[in-house]
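# Examination of the molecular architecture
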Amino acid sequence: MPLALLALAIGAFGIGTTEFVIMGLLPEVAGDFGVSIPTAGLLVTGYALGVVIGAPLMTVLGTKISRKRMLMLLMGLFIAGNLLSAVAPTFAIMLTGRVIASLAHGAFFGIGSVVAAELVAPDKKAGAIAMMFTGLTVANVVGVPLGTLIGQNVGWRVTFGMVAALGVVGLAGIARLVPEVPRPEGVHLRHELAAFKNAQVLLAMAMTVLGFGGVFAAITYIAPMMTHIAGFADGSVTWLLVLFGLGMVGGNLIGGKFADRALMPMLYVSLGALAVVLALFTLTAHNKIAAAVTIALIGALGFATVPPLQKRVLDQAHGAPTLASAVNIGAFNLGNALSAWLGGIVIAAGFGYTAPNWVGAALAASALVLAVLSAALERRDSGRSAVVASGSPAGQRTAVHH
C-alpha cells in the first residue's frame, strides 16, 4: 500500500476522534452547560447533519482545485471548528463549532476514498479504502478513549484543543505525503450529478443511512446506558470505547478484504448479524461482561459494512465518483443523526436507556432488506441486458453460430 494512504489515515484519525469522543463526554458537557442528556445529544446530531450538508457542498466547491489542495483546505476547516468548540462559552457556540468541523468530514473521506482507490490496482480498491478508514477506527482505540479520559479528569475543553492539534498533524501529513493526483479530463459537475440517476447508487446510500445508523442508535447513548443499566463506573466508559474501537478496526479490515472478493455476500452477513446483535444488546446491557462483548461486536459488524458500501457507490458511479463518494459519507452521518435523534426520542418517552438498541436493530434489518432488493434488481437488469444482446443482429449471429 502506498505511503500516501498513511497521510490520509492520519487525517482520518483526527476526524474520527472528534466525531466519536463527544459520546463519552455527553454527561460532562451537559453538566457544564446545564442541559439535559438528550439535549447534549444534539452535539452528535448536529455534527452528523453538518457532514450531510458539507459533503456535497465542499465537494462541489472543490471541483476547480486539485484533490490534494482540497484535502488540505478541509483539514484547515476541521481545525478551526474544533478550536471554536474548545473555547465555546455557550452550548449554542459549542454546537456551532461542531457543525463547522463537520463540514470537512464528508468531503475529506469522499475525496480521500477516490484518491486511495486510484493509488492501487483495481483488485485492491476496497482494501485501500479500508486502509484510509483504519485511521478512523484506530481513533476509537487510542484517540477517543484518551480524549474521554482527559475530558473526564481535566476538562472536555482540553480534549477538543488536542483534537485541533491532531488536525494540524493531519494537515502536515497530507502536504508532505499525498501526491498531486490529476483530475480526470472532461469530468464536470453535471457528470458527477448524473450518478444520482442510478437507482443502485441511491440504494447503496440508503443502505448506508440505515445500516450504520443502527450502530449509532446504541453507541450515542453508551455512557448513560452503561453507567445506569450495566452498573459500570463513569471511568469505565473509556475502556468500553476502546473495545468498540478494537471491534471497528477488525471489522473495517475484514470488510475491506472480503469486499474485494464477494461484496454483496459481505453486506448480507454483516448487516444481518448487526441487526441480531443490536436486538440482543437490550438484554446483554444488564450484564457487565455481556455488555462489553456486545459493544465490541457492534463496532466490528458496523464497520465491516463501511468498505463494501463505499466501494459499491464507487463502482456504480464509475467515471464520476467523487461527489457520489462524498455524499455517501454524508449518508453514514445522516444515519448517525437519524438514529441519535430517534434514540433520544425513545429515552425521553420513558422507554429507558436500552430502548435505542431496538431502534438500531430495526434500522440494520431495514438495510439488509435493501441489500437483498439491490442484488435482485441487479440480477434482473443483467438478465434484460443479456436478452437485449441476444436479440440484436450481432447476438442473433452469435446464437446461430453456437
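Residues numbered from 1 in each chain as written. Predicted model: local features only at pLDDT ≥ 70, side-chain atom pairs only at ≥ 80, totals over all residues. Heavy atoms only, no water.

Under the annotation held in an unreviewed UniProt entry, the chain carries the name MFS transporter and is attributed to Streptomyces diastatochromogenes. The UniProt entry for the chain carries the following comment under Subcellular location (unreviewed entry): "Cell membrane". (UniProt positions renumbered as here; feature names shortened; annotations may be inferred.)

Looking only at helices and strands, the chain features 18 helices and zero strands. In summary, the chain has a C-alpha radius of gyration of 21 Å against a globular reference of 21 Å for 402 residues, a match within 12%. By principal-axis analysis of the C-alpha atoms, the chain measures approximately 75 × 45 × 30 Å. Counting all 402 residues of the chain, 56% fall into the buried class. Once local pairs closer than 6 in sequence are excluded, the contacts in the chain between residues at least 24 apart make up 84%. Across the chain, the centroid of the 21 positively charged side chains sits 6 Å from that of the 13 negatively charged ones. (Helix = DSSP H or I, 4+ residues; strand = E, 2+ residues; numbered from the N terminus. Rg over C-alpha atoms; globule rule 2.2 N^0.38 Å. Buried < 20%, exposed > 50% of the residue type's maximum accessible area, 1.4 Å probe, protein only. Contact = heavy atoms within 4.5 Å. Lys, Arg positive; Asp, Glu negative; His and termini not counted. Charge placed at Lys NZ, Arg CZ, Asp CG, Glu CD.)

Where nonpolar side chains cluster on the molecular surface, the patch consists of Leu146, Val154, Val158 and Met162 and spans about 330 Å² of accessible area. Relative to the assigned elements, Leu146 resides in helix α7 (residues 143–153). Classification of Leu146 as partly exposed rests on a relative accessible area of 42%. (Patch = residues over 30% accessible without salt bridge, like charges linked within 9 Å, V, L, I, M, F, W, Y side chains within 5 Å. Areas by Shrake-Rupley, 256 points an atom, 1.4 Å probe, with all protein chains shown as cover. Salt bridge = Lys/Arg side-chain N within 4 Å of Asp/Glu carboxyl O.)

Another point: the packing of aromatic side chains. The full count for this structure, using the stated rule, is 10 aromatic pairs. Considering the side-chain rings of Phe20 and Phe216, the 5.4 Å spacing of their centres and the 45 degrees angle between planes classify their relative orientation as tilted. With a gap of 196 residues between them, Phe20 in helix α1 (residues 4–33) and Phe216 in helix α10 (residues 199–219) connect regions that are remote in the sequence. Among the aromatic residues, ring-to-ring pairing joins Phe20, Phe212, Phe216, Phe244, Phe303 and Phe332 into one connected group. When the ring centre of Phe258 is taken as origin, the NZ or CZ atom of Arg261, which lies over that ring, is 5.5 Å away. The ring of Phe232 is capped by Lys288, whose NZ or CZ atom sits 5.6 Å from the centre of that ring. (Phe/Tyr/Trp six-rings, centres within 6.5 Å; stacked < 30°, edge-to-face > 60°. Lys NZ or Arg CZ within 6 Å of the ring centre and 35° of its normal.)

Secondary-structure assignment places Gly97 in helix α5 (residues 91–118). Taking the C-alpha atoms as reference, Gly97 lies 16 Å from Gly16; in sequence the two are 81 residues apart. Excluding its chain neighbours within four sequence positions, the residues that come into contact with Gly97 are Gly81, Leu84 and Ser85.

Turning to the side chain of Thr354, a few remarks are in order. Relative to the elements of secondary structure, Thr354 occurs in the loop between α16 (322–348) and α17 (355–391). Leave out the neighbours within four places in its chain, and Thr354 touches Met225, Ile229, Thr282, Ala285 and His286.

Ile22, Phe109, Phe133, Met226, Phe281 and Ile298 are the most contacted members of the largest nonpolar core, which totals 118 residues. Structurally, this core is a two-domain feature, drawing no fewer than three residues from each of domain 1 (1–179) and domain 2 (190–380). (Core = buried A, V, L, I, M, F, W, Y, C linked by side-chain atoms within 4.5 Å. Domains from an automatic or database assignment.)

For the chain, the assigned domains read domain 1 (1–179) and domain 2 (190–380). On the side of domain 2, 42 residues touch domain 1, which itself brings 47 residues to the contact. Summing both partners gives a buried area of about 3,500 Å² for domain 1 against domain 2, and 77% of it is carried by carbon and sulfur. Summed over the three residues of domain 1 that lose the most area to domain 2, namely Met23, Ala126 and Thr137, the buried surface amounts to 15% of that side. Run the count over domain 1 and domain 2 and you get zero salt bridges. Remark: the boundary between domain 1 and domain 2 carries four residue pairs in polar contact (both at pLDDT 80 or more). A total of 11 residues in the side of domain 1 that touches domain 2 trace back to one element, the largest contributor, which is helix α3 (residues 42–61). When its residues are assigned to classes, the side of domain 1 that touches domain 2 shows 29 nonpolar, 13 polar and five charged. (Buried area = accessible area lost by both parts, 1.4 Å probe. Polar contact = N/O pair within 3.5 Å; in protein donor to acceptor, adjacent residues only side chain to side chain. Nonpolar A, V, L, I, M, F, W, Y, C, P; charged D, E, K, R; others polar.)

Here we take up helix α15 (residues 306–316). The element α15 is extensively covered by neighbouring structure, given that 10 of its 11 residues are classed as buried. Buried within α15 we find Val306, Pro307, Pro308, Leu309, Gln310, Lys311, Arg312, Val313, Leu314 and Gln316.

What follows covers α7. Where α7 is concerned, the buried positions are Gly143, Val144, Pro145, Gly147, Thr148, Ile150 and Gly151. Where α7 is buried, its residues meet α1, α6 (125–139), α8 (156–177) and α12 (236–259). Note on α7: the residue one or two positions beyond its end, Gly155, has a positive phi of about 140 degrees.

Side-chain pairs of opposite charge can arise whenever the charged atoms involved come near each other. On inspection of all chains with the given rule, the structure shows two salt bridges. Between Asp315 and Lys311 there is a salt bridge, and its shortest N-O distance comes to 2.9 Å. Of the two residues, Asp315 and Lys311 are both situated in helix α15; the distance of four residues between them amounts to about one turn of the helix. According to the relative accessible area criterion, Lys311 is buried, its value standing at 13%. Residue Arg312 pairs with Glu378 through a salt bridge whose shortest N-O separation is 3.2 Å. Pair noted here: Arg312 is in helix α15 and Glu378 is in helix α17, with a separation of 66 residues, a long-range link.

Within the element layout of this structure, Ala361 appears in helix α17. Sequence-wise, Ala361 and Lys311 are 50 residues apart; in three dimensions their C-alpha atoms are separated by 24 Å. Every residue in contact with Ala361, bar those within four places of it in the chain, is listed here: Ala275, Leu278 and Ala279.

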